[in-house]
Amino acid sequence: MDAKTRRLSINLITLGTGVIVFGLWSFIRFALTVFVYNDGIVDLIPPELKPVIYSFLMVFAIIIFLLEFYIGFSARKDGKGKRKSIAYIIVTGFVVVTYITVDVFDIFRLFSNESGLVYAVSSVIIEITATICIAEMMISSIMLRSIRKKQKKEENK
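None of these values were measured; they are calculated from a predicted model.

A.B. asks: Quick question: what am I supposed to make of the overall build of the protein chain here?
C.D. replies: Scanning the protein chain from N- to C-terminus turns up 5 helices and 0 strands. Secondary structure elements of the protein chain occur, N-terminal to C-terminal, as α-α-α-α-α. Scaling as 2.2 N^0.38, a compact globule of 157 residues should have a C-alpha radius of gyration of about 15 Å, whereas the protein chain reaches 19 Å, well beyond that. Its C-alpha atoms give the protein chain principal-axis dimensions of roughly 70 × 30 × 20 Å.

In structure tokens, the structure reads:
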């Protein structure tokens, strides 16, 4: 294993762990936002719809967390050479596009935010960092697979 392959493998393992941690952080932050720091949003919801809306929001948050969990652990397996499927790379591509879209809306919302500039800026920085982390993970995965494919062709000659 040459230095570039080893570096990309370690990079994938580290970034996969980062995606898992960001997923957990996003889930906790989402739950706190919905249930604790809801800024009066709950007052706008009719009482008979609150359980349905809370259930829907939590199911949505759990699906997002499980998706990031899947991507993170798949990247770690890929870094260790145990993952053969490219399905997680395709899913990661969709997640990156979604993250970039959310980041753009967060930046626009930053300029119209009334709840506090420090919270809004720190939130945007965390979201952009998560986007960079997952995009770098996808790029490292593609590069590592390409190098491994070339090495396999050279070994078969």
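Further notes follow.
A.B. asks: How should I be thinking about the packing of aromatic side chains in this particular structure?
C.D. replies: Aromatic ring pairs: the centre-centre distance and the angle between the two ring planes describe each pair. Scanning the entire structure with this criterion turns up 3 aromatic pairs. Their ring planes at 45 degrees and their centres at 6.0 Å tell us that F27 and F65 sit as a pair that is tilted. Taken together, the residues F27 in helix 1 (residues 3-35) and F65 in helix 3 (residues 50-79) connect sequence positions 38 residues apart. Given the relative accessible area of 24%, F27 is considered partly exposed. For the pair F65 and F69, a centre-to-centre distance of 5.5 Å together with 40 degrees between the ring planes defines the contact as tilted. Residue F65 and its partner F69 are both found in helix 3; the two are separated by 4 residues, about one turn of the helix.

A.B. asks: Help me understand the environment of E127, please; the structure alone is not making it clear to me.
C.D. replies: Mapped onto the secondary structure, E127 falls in helix 5 (residues 117-156). E127 sits 24 residues away from D103 along the chain, and the two C-alpha atoms are 6.5 Å apart. If sequence neighbours within four positions are ignored, E127 has contacts with R29, D103 and D106.

A.B. asks: Before we go on, may I ask you to explain the nonpolar core in this structure?
C.D. replies: One recurring pattern in soluble globular proteins: nonpolar side chains tend to sit buried together. Grouped together as the largest cluster of nonpolar side chains are 17 residues, with contacts concentrated most on L12, V19, I71, Y88, I134 and M137. Elements represented by at least two residues in this core include exactly helix 1, helix 3, helix 4 (87-111) and helix 5. Top element by residues in this core is helix 5. It accounts for 6 residues. If we skip the residues at most four places from it in the chain, V19 touches E68, I71, G72, C133, I134 and M137.

A.B. asks: How do you make sense of the packing of helix 3 against helix 5 when you look at a structure like this?
C.D. replies: Each pair of packed helices can be summarised by the angle the axes make with each other and by the distance between the axes. Contact geometry of helix 3 with helix 5 gives a least axis separation of 11 Å together with a crossing angle of 30 degrees. The angle between helix 3 and helix 5 falls in the class roughly parallel. Our pair here, helix 3 against helix 5, has a crossing hand that is left-handed. Contacts between helix 3 and helix 5 involve I71, A75, D78 and G79 from the former and I134, M137, S141, L144, R145 and R148 from the latter. Residue composition of the contact of helix 3 with helix 5, grouped by class: 5 nonpolar, 2 polar and 3 charged.

A.B. asks: What is the right way to look at helix 4 in this model?
C.D. replies: The periodicity of an α-helix, 3.6 residues per turn, causes residues three or four places apart in sequence to face the same way. Helix length check: helix 4 (25 residues) gives 37 Å between terminal C-alpha atoms against 36 Å at 1.5 Å per residue, within 8%. For helix 4, the set of buried residues is Y88, I89, T92, G93, V95, V96, Y99, D103, D106 and L110. In this structure, the buried side of helix 4 is in contact with helix 1, helix 3 and helix 5.

A.B. asks: Sorry if this is basic, but what is going on with the environment of K80 here?
C.D. replies: With respect to the secondary-structure elements, K80 resides in the loop between helix 3 and helix 4. K80 gets classed as partly exposed once you look at its relative accessible area, which sits at 47%. Excluding its chain neighbours within four sequence positions, the residues that come into contact with K80 are I13 and R148.

A.B. asks: What am I meant to see in the layout of surface pockets here?
C.D. replies: Empty space among the atoms becomes apparent when a probe as large as a water molecule is rolled across them. Of the pockets and cavities examined, the second largest pocket occupies roughly 330 Å³. Together, 11 residues line the second largest pocket, and R83, K84, R148, K149 and K152 are the ones closest to its centre. Here the lining of the second largest pocket gets 4 residues from one element, more than from any other, and that element is helix 5. Residue composition of the lining of the second largest pocket, grouped by class: 1 nonpolar, 2 polar and 8 charged.

What counts and what doesn't
- Residues numbered from 1 in each chain as written.
- Predicted model: local features only at pLDDT ≥ 70, side-chain atom pairs only at ≥ 80, totals over all residues.
- Heavy atoms only, no water.
- Helix = DSSP H or I, 4+ residues; strand = E, 2+ residues; numbered from the N terminus.
- Rg over C-alpha atoms; globule rule 2.2 N^0.38 Å.
- Phe/Tyr/Trp six-rings, centres within 6.5 Å; stacked < 30°, edge-to-face > 60°.
- Buried < 20%, exposed > 50% of the residue type's maximum accessible area, 1.4 Å probe, protein only.
- Contact = heavy atoms within 4.5 Å.
- Core = buried A, V, L, I, M, F, W, Y, C linked by side-chain atoms within 4.5 Å.
- Axes fitted to C-alpha atoms, helices over the stretch in contact; angles between N-to-C directions.
- Parallel < 35°, antiparallel > 145°, perpendicular 65-115°, else oblique.
- Left-handed = near helix turned anticlockwise from the far one by under 90°.
- Nonpolar A, V, L, I, M, F, W, Y, C, P; charged D, E, K, R; others polar.
- Expected span 1.5 Å × (residues − 1).
- 1 Å grid on protein atoms, 1.4 Å probe; cavity = no way out; pocket = protein on both sides within 12 Å on 5 of 7 lines; lining within 4 Å.
- Points joined across faces, edges and corners; volume = space filled by probe spheres on them.

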